[in-house]
Amino acid sequence: QPPGRVGHCQETFFCFLCLMNRYVALLRSNRDYRYLWLGAVSSNFGDWFNLIASAELISDLTSSGIAVSYLFLARFIPLFVVSPFAGVLADKYNRRHLMIIADVLRALTVAGFLLIDSPDQLWLFYTLMVTQFVLSAVFTPARNAALANYVAQEDLVTANAIDSATWSSMLALGALIGGIVAQYFGRNSAFLFDATTFLLSAWFISRTMPLRRPRLASAAGSEHEKIAFSDGLRFLWSRPFIMTLVFVKAGGSLAWGAINVLEINYASDVFPIGGDGATTLGLIYFVTGVGTGLGPIAIRHWLGDAPRRLRLGITLGYLLLTMGIAMLALAPTLPLYLLGTLTRTVGTGALWVFASALLYLLLPDEVRGRVFAFEFALLTLTQSLSTLWAGIALDNVGLTLQQTTLTMALVAAVVMLLWIWANAVWSRGMRPEAASRV
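1. Considering the overall build of the protein chain
- The helix and strand inventory of the protein chain stands at 16 helices and zero strands.
- Looking at the protein chain residue by residue over its 438 residues, the buried ones come to 51%.
- Put simply, 83% of the contacts in the protein chain that link residues at least 6 apart link residues at least 24 apart.
- Here the protein chain displays about 20,300 Å² of accessible surface, and carbon together with sulfur accounts for 68% of that area.

2. Examining the side chain of T244
- Mapped onto the fold, T244 is located in helix α9 (residues 240-246).
- If near-sequence neighbours (up to four positions away) are discounted, T244 is found in contact with W419, A422 and W426.

3. Brief notes about the packing of helix α11 (residues 278-303) against helix α12 (residues 307-330)
- Running from amino to carboxyl end, α11 crosses α12 at an angle of 135°, the nearest separation of the two axes being 10 Å. Classified by the angle between their axes, α11 and α12 sit oblique to one another. Viewed along their axes, α11 and α12 form a crossing whose handedness is right-handed. Facing I299, W302 and L303 of α11, the residues of α12 in contact are R309, L312, G313, L316 and L320.
- Per-class residue counts for the contact of α11 with α12 are six nonpolar, one polar and one charged.

4. Re helix α10 (residues 248-270)
- Taking 1.5 Å as the rise per residue, α10 with 23 residues should run 33 Å; its terminal C-alpha atoms sit 31 Å apart, in good agreement.
- Where α10 bends most, at L254, the angle is about 45°.
- Among the 23 residues that make up α10, 19 are buried, leaving the element largely enclosed by the rest of the structure.

5. A look at the packing of aromatic side chains
- All told, the structure shown has 10 aromatic pairs when counted by the stated rule.
- Counting every residue linked through ring pairs, the aromatic cluster contains F113, F125, Y126 and F191.
- Looking at R106, its charged tip hangs above the ring of F139, at a distance of 4.6 Å from the centre.

6. Points about the nonpolar core
- Counting residues in each nonpolar core, the largest one holds 114 residues, and the members touching the most others are F72, F125, L245, I314 and Y318.
- For this core, the element with the highest residue contribution is helix α5 (residues 122-150), accounting for 13 residues.
- If we ignore the near neighbours within four places in the chain, the residues touching Y318 are F247, V248, G251, G252, L351, V415, M416 and W419.

7. Points about the pattern of salt bridges
- A full pass over the atoms with the stated rule returns three salt bridges.
- One salt bridge connects R31 with D32, and the closest N-O pair in it is separated by 3.8 Å.
- Here R31 falls in the partly exposed class, since its relative accessible area comes to 37%.
- D103 is paired through a salt bridge with R106; the nearest N and O atoms lie 2.6 Å apart. Placement of the pair is D103 and R106 together in helix α4 (residues 95-111), with a separation of three residues, close to one helical turn.
- Residue D103 is classed as buried on the basis of its relative accessible area, which comes to 0%.

Parameters at a glance
- Residues numbered from 1 in each chain as written.
- Predicted model: local features only at pLDDT ≥ 70, side-chain atom pairs only at ≥ 80, totals over all residues.
- Heavy atoms only, no water.
- Helix = DSSP H or I, 4+ residues; strand = E, 2+ residues; numbered from the N terminus.
- Buried < 20%, exposed > 50% of the residue type's maximum accessible area, 1.4 Å probe, protein only.
- Contact = heavy atoms within 4.5 Å.
- Areas by Shrake-Rupley, 256 points an atom, 1.4 Å probe, with all protein chains shown as cover.
- Axes fitted to C-alpha atoms, helices over the stretch in contact; angles between N-to-C directions.
- Parallel < 35°, antiparallel > 145°, perpendicular 65-115°, else oblique.
- Left-handed = near helix turned anticlockwise from the far one by under 90°.
- Nonpolar A, V, L, I, M, F, W, Y, C, P; charged D, E, K, R; others polar.
- Expected span 1.5 Å × (residues − 1).
- Bend = angle between axes of the 7 residues up to and from the residue.
- Phe/Tyr/Trp six-rings, centres within 6.5 Å; stacked < 30°, edge-to-face > 60°.
- Lys NZ or Arg CZ within 6 Å of the ring centre and 35° of its normal.
- Core = buried A, V, L, I, M, F, W, Y, C linked by side-chain atoms within 4.5 Å.
- Salt bridge = Lys/Arg side-chain N within 4 Å of Asp/Glu carboxyl O.

Written as structure tokens, this is what we have:
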């Protein structure tokens, strides 16, 4: 290689080592964050471990596509409905206690999955699943709020980066190992292991420094929060480009939400390994974790951090999402299907990371919480609608698995074109000081 290229590679590698050293240093030096992180590792691993066994349970008890859709709706809808109320709990009660209680109750709930062994008990399965994610909706805002209590302000970005990488890693490892355990040791073994991970998470969090109870909000303060939320919506309405950014993830989830359901059918009916789809589904989720975790890092290294390049990254993310979904529909073999999954998830990861980065850049601090809450609500809603469509398309419309997948590729393409149009029109209409940063 030319000397300049070698020097560039050495510099890139050195920067990477320095960045990794910052992550390791935070985990080594901050005992409380280390235990909080280990709790996240344990509970996230258990969540994805649980998903494979749950999908296999439904596949064994019913052949309905809508039944599989209900699995994901049972995971999504509680987060959409309960999160606003859970945020109030996180500001009213001791966050550390909330996390521990939620983990212990999640362990008991997941253990209840062992009781399900016939189709007429599916209602109990869905009830337990909803309960688990109601508790997750309580746990998540409490943990997010507590993070700043355990980590210094200058380390918050590093801590959030570690959390993001942890989620992707646990998706990859949890799903892969969960598929193997479900296939070779039975799904009940996976459920028991999942319950154990929540107890382990509760133990790790109990090792953190006790937190004081947050200051209670007065009645006047509660009324003010309602007014402030409507002010946040008015803020978005007056800034169309920022509103467009808020819809980036929701638009993408209109396409990738259905894929979560269709992957189960591809694993069990098209590309099964060893007689069922548990191992195949584990491989699919492993590739998903790799794509969402490492893809945005690679694209960011290529494009850089300039705001205009981040907007280009969103466009590239939509393009990869569309291409990847189309590849899933046309793939004749499992390796090509996994390649399509990698392409798709690199795209979804890019959408997630770059849209968030631009919102952090453009949003005033006083409206960030409300805007991100609205963004999460939109994401959960569109993901639920997309998931429901997958089941309806297979069971009621009469589309084949491949045809349903292609409809999702078409949705992704339409959303991409809408983004390109909005980016071209509304980014020019922003306030001069904001537009100069974009």
